Amino acid sequence: MMKVVNLKQAILQAWKERWSDYQWAINMKKFFPKGTTWDILNLAEALLEQAMIGPSPNPLLLSYLKYAISSQMVSYSTVLMAISKFDDFSRDLCIQSLLEIMDMFCDQLSCRGKAEECIGLCRALMSALIWMLRCAASYAEKMKEPLEQGVAESQLEMCLERLAKVLASTKNRALIHIAKLEETPSWGAVEQSLAKLGDSLGHIGNSMLRNQAEECIGLVKSIPTMLSVHSEQLNKTGFPTVHAVVLLEGTMNLTGEPQPLVEQLMMVKRMQRIPSSLFILEIWKACFVGLIESPEGTEELKWTAFTFLKIPQVLVKLKKYMQGEKDFSEDVNCAFEFLLKLTPLLDKADQRCNCDCINFLLQECSKQGLLSEANMNNLVAKRAADREHAPRLKSAENANIQPNPGLILRAEPTVTNILKTMDSDHSKSPEGLLGVLGHMLSGKSLDLLLAAAAATGKLKSFAQKFIKLNEFTKQINVEGCEFFSSSFSPQPRGWCCCPGTPDFQGLTSKLCGAGLVGGHSRK
């Protein structure tokens, strides 16, 4: 195997030795250092440049490009930019090959990278639009020549078919609109190409082709007015008041009873006449935004408990208010269907929590009777399919990270068990109490338990029982304490619940920090 100096030389060697597409991919990774970004090396442009040298495209080199697209070695934006640079519309076979390459991905354009990469896709799509309009105008112009009419009509049909396919997608038109906002002068090239195609419509004898061309021109002209056309609809599907109420509750009033929040939300729903499914969707959106933006540590645990424990309980109470409407579980299911379309929001939340947040949330809603099992399984499957291409933390980064949603959901039944243990006679059975205290004072267990207790309305009871326990320990004399410590020698002496024990003092002070017990615990 010869030594490779540059990308062009590597492509030529592959062509000379007739490598298969997968052989080519393997050898390319050997030739270039690990971590090489093929987009930076302009792999797509280099392949197309070499493939289009002759009168007809080189099928072997095109197979390499198709393999690179399928295996995501190159991004859609670099492929579109490379195609838009080919301007010899007299080479029909080359144009045909380029249109076939666009067929591979133009109905599924997406970008899950950095902001500049997403903007790059928008710009590339606008460049491809200009290229297709120029291509269509060129073939429409050729149709006035009788000798070239047959071939030109066939080529024009192929070009318009791809153009209509791209413009039929609202998402694609929105991406082009973003590119227009980013680079307003470049839109002039689109308008020039539109005008040229419009002037050539008279040469198209086939009425079906002419109508298709007119439809494409109309769709392109509608792109600058997309926001104004949909402004009324956007106002009807966005409800910032609901968003604000939920964010305020999650930030300032995690320990509050759910009933006041339920009444506030119902008041907003009735005043703004919000459909139930969109109302529930707005609640979930606010929860995920709060979760993503919360500071690391205790605040993140509070928002996790609020989202995965308190809000499902709030929805259970809202269900009673909306009994006169259609099946509430269908509204919840519909809200989740809408939520699944907000892929960037869900991907960001999954990255933050290092787990499939929707999966945990759906399971909790199903447990609370808000979703049927069939609907839950359907939603879980849809989200799992979306997550296959979502950005993830590297394995080394997330190997030792336990997802907070899972920890919070496991902490909730633990809170109930602790409360039951606290009700028992401590003087007769101190073993259970020692086990509880030992569990609570390890790692971030206490933070998890406090967050779960706050979200489920049990924090006040939790604190009161520890205040009583504190009072109980003050009544134990020194001899009783020594007996208590020596009777359970496997436990460290620090676990005996005497006043002044450092670990226990830390526990009670942390409970006081919850803001519910105040000076009473320090009497």
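Residues numbered from 1 in each chain as written. Predicted model: local features only at pLDDT ≥ 70, side-chain atom pairs only at ≥ 80, totals over all residues. Heavy atoms only, no water.

Topic: the overall build of the chain
Counting secondary structure elements, the chain contains 27 helices and zero strands. When the 523 residues of the chain are sorted by exposure, 46% land in the buried category. Contacts in the chain between residues at least 24 apart in sequence constitute 77% of all its contacts with a sequence separation of at least 6. Taken as a whole, the chain presents about 26000 Å² of accessible surface, with 54% of it coming from carbon and sulfur. (Helix = DSSP H or I, 4+ residues; strand = E, 2+ residues; numbered from the N terminus. Buried < 20%, exposed > 50% of the residue type's maximum accessible area, 1.4 Å probe, protein only. Contact = heavy atoms within 4.5 Å. Areas by Shrake-Rupley, 256 points an atom, 1.4 Å probe, with all protein chains shown as cover.)

Examining the nonpolar core
Soluble globular proteins tend to pack their nonpolar side chains together in the buried interior. By size, the foremost hydrophobic cluster in this structure holds 82 residues, and its most contacted members are W24, L80 and W131. The element that contributes the greatest number of residues to this core is helix α7 (residues 115-142), accounting for 16 residues. In this view, W131 contacts I83, S84, F86, F89, I95, L98, L99 and M102; residues no more than four positions away in its chain are not counted. Counting residues in each nonpolar core, the second largest holds 74 residues, with L278, F288, C355 and A455 among its members. (Core = buried A, V, L, I, M, F, W, Y, C linked by side-chain atoms within 4.5 Å.)

Regarding the environment of N172
Here N172 lies in helix α9 (residues 170-182). If we skip the residues at most four places from it in the chain, N172 touches C106, L109, L125 and V166. In terms of polar contacts, N172 uses its side chain to reach the backbone carbonyl oxygen of V166, at 3.1 Å. (Polar contact = N/O pair within 3.5 Å; in protein donor to acceptor, adjacent residues only side chain to side chain.)

Some thoughts on the confidence of the model for the chain
Here the chain averages 78 in pLDDT, while 78% of its residues score no lower than 70. Ranking the helices and strands of the chain by mean pLDDT puts helix α15 (residues 276-293) first, with 92, and helix α26 (residues 478-487) last, with 40. Here residues 230-235 is a poorly scored stretch, pLDDT under 50, and it has zero contacts once near neighbours within four places are set aside; other chains count. For the stretch residues 477-505, pLDDT sits under 50, and the model shows 33 contacts to residues farther than four places along the chain or on other chains. (pLDDT = per-residue confidence, 0-100.)

Considering the packing of helix α13 (residues 240-252) against helix α16 (residues 298-321)
Running from N to C, α13 and α16 point in directions that differ by 120°, and their axes come no closer than 9 Å. With respect to α16, the element α13 is oriented oblique. Seen from above, α13 lies across α16 with right-handed handedness. Across the interface between the two elements, V246, L247, E249, G250 and T251 from α13 touch W303, F306 and K310 from α16. (Axes fitted to C-alpha atoms, helices over the stretch in contact; angles between N-to-C directions. Parallel < 35°, antiparallel > 145°, perpendicular 65-115°, else oblique. Left-handed = near helix turned anticlockwise from the far one by under 90°.)

Thoughts on α13
Over its 13 residues, α13 extends 18 Å from the first C-alpha to the last, a length consistent with the 18 Å expected when each residue adds 1.5 Å. Residues of α13 that are buried include every one of V242, H243, V245, V246, E249 and G250, and no others. Taken end-on, α13 shows its buried residues confined to a sector of 165°, consistent with a single buried face. Facing away from the buried side of α13, by more than 90 degrees, are the exposed residues P240, L248 and M252. (Expected span 1.5 Å × (residues − 1). Arc of directions from axis to C-beta.)

Things to note about the packing of aromatic side chains
Across all of its chains, the model carries five aromatic pairs by this definition. With a centroid separation of 5.2 Å and 80° between ring planes, the pair formed by W303 and F306 is classed as edge-to-face. Separated by three residues within a single helix, W303 and F306 lie in helix α16, roughly one turn from each other. Judged by relative accessible area, which is 0%, F306 ranks as buried. (Phe/Tyr/Trp six-rings, centres within 6.5 Å; stacked < 30°, edge-to-face > 60°.)

Observations concerning the packing of helix α1 (residues 7-16) against helix α2 (residues 21-31)
Each packed pair of helices is defined by two parameters, the angle between the axes and the distance between the axes. Their axes nearest at 11 Å, the elements α1 and α2 cross at an angle of 145°. When you trace α1 past α2, the crossing you get is right-handed. From α1, L7, A10, Q13 and A14 reach across to α2, where they touch W24, M28 and F31. Residues of the contact of α1 with α2, tallied by class, amount to six nonpolar, one polar and no charged. (Nonpolar A, V, L, I, M, F, W, Y, C, P; charged D, E, K, R; others polar.)

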